[in-house]
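# Architecture at a glance
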Amino acid sequence: MTTEIRVLNAEDDLISAANVFRAAMVGFPPLSDLQPGQITKLLDPGRTIGAFVGGKLAGTADAVTSTLTLPGGAIVSHAAVTHIGVLPSFTRKGIATGLVQHQLRDFAARGEVVATLRASEATIYERYGYGVASSFQTVEIQTARAAFRSGVPTGGPVRLLDEAEAWDALPRIYDAHRPSRPGTIDRPAVWWQGLRLRSESTPGARYIAVHGEPGNESGFARYRPIDTERWFVSDQRSIVVEDFFAPTSEAYVGLLRFLLGLDLIDRVVFWMLPLDDPLPWLLVDRRAARVTAVHDETWLRVVDAEKALAARKYAGTGAVTIAVNDPLLPDNSASFAITGDGVEGTNQRAQIRVGIEGLGAQLLGGTTWRSLAAAGLAHTEDPAALDVADQLFAVADAPYSGTFF
Ligand SMILES: CC(C)(COP(=O)(O)OP(=O)(O)OC[C@H]1O[C@@H](n2cnc3c(N)ncnc32)[C@H](O)[C@@H]1OP(=O)(O)O)[C@@H](O)C(=O)NCCC(=O)NCCS
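Per chain, residue numbering runs from 1 following the sequence as it is written. Only residues with pLDDT of 70 or above have their local features reported here, since the model is predicted, and side-chain atom pairs are shown and tallied only from 80 upward, although totals for entire chains, interfaces and linings are computed over all residues. No hydrogens and no water enter the side-chain calculation; it runs on all heavy atoms of the structure.

This part takes up the layout of surface pockets. Over the atoms rolls a probe the size of a water molecule, and in doing so it shows where empty space is left. Points on a 1 Å grid, built from protein atoms alone, make a cavity when a 1.4 Å probe fits but cannot get out and make a pocket when they are open with protein on both sides within 12 Å along at least 5 of 7 lines; residues with an atom within 4 Å of a point are the lining residues. Grid points are joined across faces, edges and corners, and a volume is the space filled by probe spheres set on the points. Taken as a whole, the second largest pocket encloses approximately 490 Å³ of empty space. Lining the second largest pocket are 24 residues; nearest its centre among them are Pro179, Arg181, Ala246, Pro247 and Pro274. Numbering of helices and strands runs from the N terminus; a helix is a DSSP stretch of H or I covering at least four residues, while a strand is a stretch of E covering at least two. Of all the elements in the fold, those that place two or more residues in the lining of the second largest pocket are strand 11 (238–245), helix 6 (249–260) and strand 12 (267–274). Note that Gly is not counted as nonpolar here; it falls among the polar residues with everything else outside the nonpolar set of Ala, Val, Leu, Ile, Met, Phe, Trp, Tyr, Cys and Pro and the charged set of Asp, Glu, Lys and Arg. Residue composition of the lining of the second largest pocket, grouped by class: 12 nonpolar, six polar and six charged.

Written as structure tokens, this is what we have:
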């Protein structure tokens, strides 16, 4: 049977696609209680695609129009890819491959520079040219041991916001204080709508704390208690901080002091922090903070290699030539001469050869050329070229986005 892939626009089709994705994910219940027209507020028009087999919707993929920050601060166009799912009865027939390839050609036609996604499994997306470009760590703090060093500043005022106020305030705070860290992405209106829907349909307590004077806030934390069955008598009352947006050092320390100082709370779990987060340095007893997991975060697909390489900054005075190979988007198969001053196309023999998935892993500076070479994802006959490339691609801040989508 032939598979037809097309853009979905009708409300019924969009709801069917959302439910195909949710059935594919197994652990997500079908959508319910959506108001008429609400689904269209959760999606970017023209971005949801469906794969039909014999007229039946069997798979779907989505993207949201966004931007992404590269090393050095340049912000490039970005497709935030999400909701890829194929019904269990139709898997391993090439449907996801057709959807992802369709998407990537569409992104290239739109002139988008990169695409990123969060992967449910680590074995799916490399074959389509995605590489792991950033990671996050989960950190647990035992509050009884978490005294701050005397030199740590106090930070600004923090207050709780009602959820009703928060859905106006949080997007405003995020947009006004977008971090310069590589890997930062937009949080567009559809993302906030989706978060609000999930949040309002999840039972249980949840809180939003904002940092800064009213009207001039500079950060926020969304947190909720977990394991609440024996809350009244528990000696391990815990909160999980699901969203910690602290882009200035004042907001960082202000929110941290607020969260670690909450009455009753024995354990604070930061679900996502960048790998270079300074938290242990702020504590007298650094072992009060324990890293409990490190997860891959941004899977990045370079859609336009020339634009992506030209837009990021390079460190130092070295020079290296790199040949990129991209069978799916052949315009990216080219060689580039890279120096601290920038990038030019070149016909010279390349010192390093890399597939588009390796370039995606390297673009934000979240790994080293040495690691890629050790893994067989980059190739060279000149190991010294790897050191030069590593100096050029080095970044001051570990890449990180801090969101799922
Ligand atoms: C992941 C998923 C979309 C793949 O769909 P699919 O239509 O079966 O994929 P394809 O048939 O196009 O498979 C392409 C290749 O990827 C491999 N592959 C697909 N899913 C894989 C998985 N979960 N783990 C390992 N390999 C996988 C296939 O074996 C195939 O390999 P081949 O080209 O060497 O033969 C589908 O399994 C699914 O919906 N899973 C549950 C939802 C999910 O995890 N979605 C991703 C959210 S980020």
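That was the structure; now back to the text.
Only rings of Phe, Tyr and Trp enter the pairing, Trp through its six-membered ring, and a pair is recorded when the two centres are within 6.5 Å. The plane angle decides the type: under 30 degrees is stacked, over 60 is edge-to-face, the rest tilted. According to the stated counting rule, one finds 16 aromatic pairs in the structure shown. Relative to Phe393, the ring of Tyr314 lies with its centre 5.2 Å away and its plane at 75 degrees, an arrangement referred to as edge-to-face. Here the residue Tyr314 occupies a position in the loop between helix 8 (305–311) and strand 15 (319–325), and Phe393 occupies one in helix 11 (residues 383–393), the gap between them amounting to 79 residues. Only Lys NZ and Arg CZ are tested; either one counts as a charge over a ring when it is within 6 Å of the ring centre and within 35 degrees of the ring normal. Sitting over the face of the ring of Phe148, Arg257 holds its NZ or CZ atom 4.4 Å from the ring centroid. The ring of Trp281 is capped by Arg286, whose NZ or CZ atom sits 4.6 Å from the centre of that ring.

Let us look at the sheet that holds strand 15. Strand pairing requires that DSSP identify at least two bridges connecting the strands. Spatially, five strands are ordered 17-16-15-18-19 in an open sheet, and the strand pairing comes out mixed. Each end of this open sheet is capped by a strand with a single partner; those strands are strand 17 (342–345) and strand 19 (378–379). Where strand 15 meets strand 16 (residues 334–339), six bridges bridge the pair, whose relative direction is antiparallel. Each bridged residue has a counterpart across the sheet, and for Ala319 the counterpart in strand 16 is Thr339. Strands in contact with helix 11 are strand 15, strand 16 and strand 18 (352–355); relative to strand 15, the strand with the most contacts, it is inclined by about 90 degrees. Any two residues whose heavy atoms approach within 4.5 Å are treated as being in contact. Angles run from 0 to 180 degrees between N-to-C directions of axes, and those axes are lines fitted to C-alpha atoms, restricted for helices to the stretch in contact.

This next bit is on the site of the ligand. Residue proximity to a molecule or strand is established when one non-hydrogen atom of the residue lies within 4 Å of it. For the ligand, the set of nearby residues contains 20 residues, the closest of which are Arg92, Gly94, Thr97, Ser120 and Glu121. With respect to the ligand, the backbone of Arg92 contributes an N or O atom lying 2.6 Å from an oxygen atom. Pairs of N or O atoms within 3.5 Å make up the polar contacts considered here, provided that, within protein, one atom can donate a hydrogen while the other can accept it, and that residues adjacent in sequence are counted only when both atoms are side-chain atoms. In this structure, Thr97 approaches the ligand through a side-chain N or O atom, which is 2.6 Å from an oxygen atom. Across the complex, the protein chains shield 73% of the 890 Å² of accessible surface that the ligand would expose by itself. Elements with a minimum of two residues in the shell around the ligand: helix 1 (11–25), strand 4 (75–86) and helix 3 (95–110). Of the residues in the shell around the ligand, the class split is nine nonpolar, six polar and five charged. With residues, only the protein chains shown are counted as cover, and all accessible areas are computed by Shrake-Rupley using a 1.4 Å probe.

These figures come from the coordinates and say nothing about function on their own.
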